[in-house]
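Read off the chains here:
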Amino acid sequence: MNADTTTTDGQVAAGPNNSSGAAPQLPSAADATAMPSFKARKPSALQSMLVGVVVWLLTRQSLQWLLRTLCPILRLPLGWAAVTRYDDVSEVLTRQDVFVVPFAAEIARLNDGEAPGTAFILGIDDPNQHHDQLKLVMQAFKRSDVEELVTPIARRSAQDIIAGAPDGRIDAIKQLITRVPLDLCVKYYGVGIPGDQQDFADATIAVSGHLFGPPPIQPKPASDEAAAYVRGVVDRAIDRELKNPGNADTVLARLVAMRQAGQLTPREIRAFLMGMIIGFVPTNTMAGGNILEMLLRERAFMARARAAALAGDDDLLKHCLFEALRFMPHNVGPFRICSRDYTVAADTPRATKIKKNTKVLAWTMSAMFDSRQVDAPLEFRPGRPASNSMLFGYGMHWCVGAFIAQAQITQTFKALVARPKLERAGELQRRGGFPNRLLVKFRPV
């Protein structure tokens, strides 16, 4: 497999298949005491305030509507732009030859702890390289796993957590919404998490916030520390599986088997695991927290979700949950860097030239409320056509773990919303934009 990819700086981030043919080995990390430690830092009051203001502004549907109507392609000072209409957002996200991901070099560097690092599909814009690696990722993360492994693991985990709250009170974020993805990391991914699992979750959240936040994406000591901790946990799991392979039907066991078949190197195994974990735990924490907040705010949303859960209709429940998420998505849209001068919406009255190196927000939240393409966008309509949603991205970089995420979130909420008298027992608290704490209460059964 050729894992080289061109970064946003035009440099080549070489993958592990070097010209000598020698596969680099991972350092042994079997001894948990040798791993770095990590404790999340609390953002300053100023940082929290600034993040809150920006998120509040970008999620205002009135602002989105105004821009879609009067200035759908917005050019801003300091080399920024934003596209707001469905057609223009989809154009940006399907022209990866023009609008490249800003974190390509950084995700590869963090995978190995040094440059150039090992590329992962999230940061690969070349269609052929992306396709080649995607085939390998999907060989390890099988589509059949969703029903056979992910759904039962998530269901059991969520039910046990809810049953373990006999007084009917729980911090729905740390004790449930984050904990179920962590259980899947252990039981499905095959990555054991030593010590405090919340430390691991916090580290993945720190890396995610760094990689997928506003560009430019430049190395930071705090992000390096968080990535080193995640890397240490993953290396430890790989080392154990390499020494004693084939013990379970886990993603890691499959990856090691692929390595033995000559398909992967150890560094590629680590890149696959780190990429899928960092794209899973933080994103589902954000999505789950926002879904719960919307259900608690809107009684009609909660009533529809609860009815589906009590009826055992997982498909309807999934549609209810992700329709709620459309109103408060886990991100307002991905960022891209324009690699050359390009005109968006060419041959239309709104045609706008975006200059090379412009940082572009593909405002997917706004696109999902664009009535030109989405029927009655302000209504809560579970079961909308899939084309109405950009929650999992759009185009080549559509989320590779979308079906895993949908199953996990559906089973997590099925256990929660089925409880009688479910209501808020506190306000949603965030850390750096991510949900951090939300107390709820329900009548114990």
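Each value, and the rule that gives it
- Residues numbered from 1 in each chain as written.
- Predicted model: local features only at pLDDT ≥ 70, side-chain atom pairs only at ≥ 80, totals over all residues.
- Heavy atoms only, no water.
- Helix = DSSP H or I, 4+ residues; strand = E, 2+ residues; numbered from the N terminus.
- Buried < 20%, exposed > 50% of the residue type's maximum accessible area, 1.4 Å probe, protein only.
- Contact = heavy atoms within 4.5 Å.
- Pairing = 2+ DSSP bridges.
- Disulfide = S-S within 2.5 Å.
- Expected span 1.5 Å × (residues − 1).
- Bend = angle between axes of the 7 residues up to and from the residue.
- Axes fitted to C-alpha atoms, helices over the stretch in contact; angles between N-to-C directions.
- Parallel < 35°, antiparallel > 145°, perpendicular 65-115°, else oblique.
- Left-handed = near helix turned anticlockwise from the far one by under 90°.
- Nonpolar A, V, L, I, M, F, W, Y, C, P; charged D, E, K, R; others polar.

**Q** Even after reading the chapter, I still don't get the environment of Leu 149, so can you show me in this structure?
**A** Secondary-structure assignment places Leu 149 in helix H6 (residues 145-163). Judged by its relative accessible area of 19%, Leu 149 is buried. It is 22 Å that separates the C-alpha atoms of Leu 149 and Leu 310, two residues lying 161 residues apart in sequence. The contacts of Leu 149, once residues within four sequence positions are left out, are Tyr 188, Asp 249 and Arg 254.

**Q** What is the right way to look at the sheet that holds strand E5 (residues 99-100) in this model?
**A** Adjacent strands of a sheet pair through backbone hydrogen bonds, lying either parallel or antiparallel. Reading across from one edge, E3-E4-E10-E7-E5 is the order of the 5 strands in this open sheet, with mixed pairing throughout. The open sheet terminates on both sides in strands that have one partner only, identified here as strand E3 (73-76) and E5. In this sheet, strand E10 (residues 359-362) lies alongside strand E7 (residues 335-338) in antiparallel orientation, the contact comprising 3 bridges. Paired with Ile 337 across the two strands is Lys 359, which belongs to E10.

**Q** Even after reading the chapter, I still don't get the state of the cysteines, so can you show me in this structure?
**A** Enumeration over the complete set of coordinates arrives at 0 disulfides. Left without a disulfide partner, Cys 71 is nearest to the cysteine sulfur of Cys 338, which lies 17 Å away. Note on Cys 71: relative accessible area 28%, which makes it partly exposed.

**Q** Looking at this structure, how should I read H6?
**A** Think of an α-helix as turning once every 3.6 residues; residues three or four places apart then point the same way. Its 19 residues give H6 an end-to-end C-alpha distance of 26 Å, which sits within 8% of 27 Å, the value for a rise of 1.5 Å per residue. Maximum bend of H6: about 30 degrees, positioned at Thr 151, with proline Pro 152 one to four residues after it. Within H6, the full set of buried residues consists of Asp 145, Val 146, Leu 149, Val 150, Thr 151, Ile 153, Ala 154, Ser 157, Ala 158, Ile 161 and Ile 162. Considering only its buried residues, H6 is in contact with helix H5 (127-140), strand E6 (169-171), helix H7 (173-177), helix H8 (179-189), helix H11 (251-260) and helix H17 (402-417).

**Q** What exactly am I supposed to notice about the packing of helix H9 (residues 197-212) against helix H10 (residues 221-243) here?
**A** At their nearest, the axes of H9 and H10 sit 8 Å apart, and the two run at 130 degrees to each other. On the basis of the axis angle, H9 is oblique to H10. Note on packing geometry: the crossing formed by H9 with H10 is left-handed. Every residue of H10 that contacts H9 at Asp 199, Phe 200, Ala 203, Thr 204, Ala 206, Val 207 and His 210 is listed here: Ser 223, Ala 226, Ala 227, Tyr 229, Val 230 and Val 233. Split into classes, the residues belonging to the contact of H9 with H10 amount to 9 nonpolar, 3 polar and 1 charged.

**Q** Can you walk me through the packing of helix H4 (residues 104-112) against H9 in this structure?
**A** When two helices pack together, their arrangement is captured by the angle between the axes and the distance separating the axes. Relative to each other, H4 and H9 sit at 155 degrees, their axes nearing to 10 Å. Of the possible angle classes, the one that applies to H4 and H9 is roughly antiparallel. Between H4 and H9, the contacting residues are Glu 106, Ile 107 and Leu 110 on the first element and Val 207, His 210 and Leu 211 on the second. Looking at the contact of H4 with H9 residue by residue, the class counts come to 4 nonpolar, 1 polar and 1 charged.

Any functional reading would require information beyond the geometric quantities listed.
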